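The residues making up each chain are set out below.
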Amino acid sequence: RQSLHASDRGLRCFFDKSLSSGVGHAAGNVLGRVHYGHGSASALDQGTPLLSVHMAGPGTDPFTEVWVTDRPVRAGARGDLLYAEDGEHIFCATRVPARDVYRDAVHEAYHEAFALIAGLGYTRPFRMWNLVGSITGGNADDMEIYQDFCVGRAKAFEEWSDRIGPMPAATGIGTLSPGIDLYFLASRDGVPQHLENPRQTPAYNYPDRYGPKSPSFARATYLRGTGGDPDTLYVSGTASIVGDDTVRHGDIAGQCEVTLANIEALIGAENLRRYGVEHGFRLTDLDHVKVYVRDAEHLPAVRARCAEAFAGHAEVAYLNVDVCRRDLLVEIEGICR
Ligand code: 3HB
């Protein structure tokens, strides 16, 4: 190749929409793969972690999110955890099988994952995904599964607060099969800067009417590149929430507008300046976008609005799954660099 663009260097991801989930044509060393398809499984495959999650349905296409790096990769498995590290970043994935009540198993999974990454020296999580079956359904104690999940996750973050960096950007979203799939990225030397949204109450300060433990995540995380890698802004799953309230109930076009306005405010220069970052981003800088749509009937309208909002070259994937509140119809995440 003649020249490397910033997006071709350092830790990066791409969406492989061909039906092979193989590592063959990845331009870089594969750190991990997440196949958004029709089944759930996790294994070391071709020497690297492959998490398969049931999130593709009739109106959306399967794809594989592939994380690659220029550094040499070492992969392994410990207990139920799969991981791969490159000396600066670690990718870690695990699955909590279906059960009546999730909190203890989620606590245990997070605890084991934190113990693994701390032991290997990657103490700073910067992006997490929590893929939760029946997220707004009830557990055996009649608690919403998302709230049940939040209790176990919060306990692990509290217990590890002196050894593991603060809560990073995250996604908490529904899947089409019972059980919870988790995967995340953490850094060794790079110090993540966690961001909040001026239009929204920090999720970790939500009032208890949303659940006994508030969600453990930041609205975005800015990771300054180390060793020549570009800086990267990871945008959490973002929805039609202003303050802590869902707004535009039942109105898909309205929820799209509020969600996009929330992302604009979060990634814009004014907000980033508060965190000492001297430049901002726009919606057209967002890439590797995942758009989660609760109702299949809304997919065409959401696709059309996103095609206008994001750059033509941006990778955008659509998933027809539940969002963490029943009144949220759409949620969007992405990456800027
Ligand atoms: C979460 O609980 O990690 C979470 C949930 C969301 C959006 C982003 C993160 O609905």
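Read on for a plain summary of the structure. No experiment lies behind these values; they were computed from the predicted model shown.

## Observations concerning the overall build of the protein chain
Assigned secondary structure in the protein chain consists of 5 helices and 19 strands. Taking 337 residues into account, the globule formula puts the C-alpha radius of gyration at 20 Å, and the protein chain, at 18 Å, falls close to it. Across its three principal directions, the C-alpha atoms of the protein chain cover 50 × 40 × 40 Å. Taking all 337 residues of the protein chain together, the buried fraction comes to 57%. Restricting the contact set of the protein chain to residue pairs at least 6 apart, pairs at least 24 apart contribute 75%. Of the roughly 13100 Å² of accessible surface on the protein chain, a fraction of 48% belongs to carbon and sulfur atoms. Placing the 33 positive and 44 negative side-chain charges of the protein chain at their respective mean positions leaves the two points 3 Å apart.

## Structural notes on helix α2 (residues 145-159)
Over its 15 residues, α2 runs 22 Å from end to end, which matches the ideal 21 Å to within 8%, given 1.5 Å per residue. Counting buried residues in α2 gives 12 out of 15 residues, a clear majority hidden from the surface. Those residues of α2 that sit buried are Ile145, Tyr146, Gln147, Asp148, Phe149, Cys150, Val151, Gly152, Arg153, Ala154, Ala156 and Phe157. On the buried face of α2, the contacting elements are α1 (103-120), β9 (124-133) and β11 (180-187).

## Examining the nonpolar core
In globular proteins that are soluble, nonpolar side chains generally tend to be buried together. Among the nonpolar cores identified, the biggest contains 68 residues, and Tyr36, Met55, Trp67, Tyr110, Phe114 and Tyr183 are the most heavily contacted of them. When residues of this core are assigned to their parent elements, the largest contribution, 9 residues, is made by α1. Look past the residues within four positions of Tyr36 in its chain and what remains in contact with it is Val53, Met55, Ala56, Pro62, Phe63, Glu65, Trp129, Leu131, Tyr183, Lys290 and Leu319. Grouped together as the second largest cluster of nonpolar side chains are 32 residues, Val291, Phe310, Val316 and Tyr318 included.

## Here we look at the packing of helix α3 (residues 252-267) against helix α5 (residues 299-309)
Viewed as axis vectors pointing N to C, α3 and α5 meet at an angle of 30°, and their least axial separation amounts to 10 Å. Looking at the two axes, α3 sits roughly parallel to α5. Seen along the crossing, α3 lies across α5 with a hand that is right-handed. Facing α3, whose interface residues are Ile252, Cys256, Glu257 and Leu260, α5 presents Val302, Arg305 and Ala309.

## Some details on the site of the ligand
Lining the immediate environment of the ligand, one finds Asn130, Tyr146, Arg153, Ala170, Thr171, Gly172, Pro215, Phe217, Gly237, Cys324 and Glu331. Separating an oxygen atom of the ligand from a side-chain N or O atom of Arg153 is a distance of 2.7 Å. For the ligand, the accessible surface in isolation is 280 Å², of which the surrounding protein chains cover 97%. Within the residue set of the shell around the ligand, elements represented by two or more residues are α2 and β10 (169-175). Here the shell around the ligand is built from residues that sort into 5 nonpolar, 4 polar and 2 charged.

## So, the sheet that holds β9
The strand order across the open sheet built from 6 strands is β6-β7-β8-β11-β9-β10, with neighbouring strands paired in mixed fashion. For this open sheet the edge positions go to β6 (74-78) and β10, each flanked by a neighbour on one side alone. Averaged over neighbouring strand pairs, the angle between their axes works out to 15° when direction is ignored. Relative to strand β8 (residues 89-96), strand β7 (residues 81-85) runs antiparallel, the two sharing 4 bridges. The residue of β8 that forms the bridge with Tyr83 is Cys92. The sheet strands contacting α2 are β9 and β11, and the helix crosses β9 at an angle near 155°.

## Brief notes about empty space enclosed by the protein
Here the structure, examined in full by the defined rule, presents 1 cavity of 30 Å³ or more. Estimates place the volume of the largest cavity at around 70 Å³. His89, Leu223, Gly225, Asp229 and Pro230 are, among the 14 residues lining the largest cavity, the residues nearest its centre. Considering only residue class, the lining of the largest cavity consists of 4 nonpolar, 6 polar and 4 charged.

## Remarks on the pairing of strand β5 (residues 63-69)
Taking burial as the measure, the 7 residues of β5 include 7 buried ones, the bulk of the element. Of the two faces of β5, both are covered, the one formed by Phe63, Glu65, Trp67 and Thr69 as well as the one formed by Thr64, Val66 and Val68. Summarising the sheet, strand β1 (residues 12-16) and β5 pair through 5 bridges and their orientation is antiparallel. Of the residues in β5, the one forming a bridge with Arg12 is Val68. Relative to β5, strand β2 (residues 29-37) is paired through 7 bridges, and the arrangement is antiparallel. Note on β5: the bridge partner recorded for Arg33 is Val66.

## A look at the sheet that holds strand β17 (residues 286-293)
As summarised here, the arrangement of the 6 strands in space is β12-β13-β14-β19-β17-β18, forming an open sheet in which the pairing is mixed. Where the open sheet ends on each side, the last strands, each with one partner, are β12 (192-195) and β18 (316-320). Averaged over neighbouring strand pairs, the angle between their axes works out to 10° when direction is ignored. One ladder, built from 5 bridges, connects strand β14 (residues 232-239) with strand β19 (residues 330-336); its direction is antiparallel. Residue pairing for β19: Tyr234 is matched across the bridge by Ile335. The strands that α5 touches are β17, β18 and β19; relative to β18, the one it contacts most, it runs at about 160°.

Scoring rules and cut-offs
Residues numbered from 1 in each chain as written. Predicted model: local features only at pLDDT ≥ 70, side-chain atom pairs only at ≥ 80, totals over all residues. Heavy atoms only, no water. Helix = DSSP H or I, 4+ residues; strand = E, 2+ residues; numbered from the N terminus. Rg over C-alpha atoms; globule rule 2.2 N^0.38 Å. Buried < 20%, exposed > 50% of the residue type's maximum accessible area, 1.4 Å probe, protein only. Contact = heavy atoms within 4.5 Å. Areas by Shrake-Rupley, 256 points an atom, 1.4 Å probe, with all protein chains shown as cover. Lys, Arg positive; Asp, Glu negative; His and termini not counted. Charge placed at Lys NZ, Arg CZ, Asp CG, Glu CD. Expected span 1.5 Å × (residues − 1). Core = buried A, V, L, I, M, F, W, Y, C linked by side-chain atoms within 4.5 Å. Axes fitted to C-alpha atoms, helices over the stretch in contact; angles between N-to-C directions. Parallel < 35°, antiparallel > 145°, perpendicular 65-115°, else oblique. Left-handed = near helix turned anticlockwise from the far one by under 90°. Near = heavy atom within 4 Å. Polar contact = N/O pair within 3.5 Å; in protein donor to acceptor, adjacent residues only side chain to side chain. Nonpolar A, V, L, I, M, F, W, Y, C, P; charged D, E, K, R; others polar. Pairing = 2+ DSSP bridges. 1 Å grid on protein atoms, 1.4 Å probe; cavity = no way out; pocket = protein on both sides within 12 Å on 5 of 7 lines; lining within 4 Å. Points joined across faces, edges and corners; volume = space filled by probe spheres on them.

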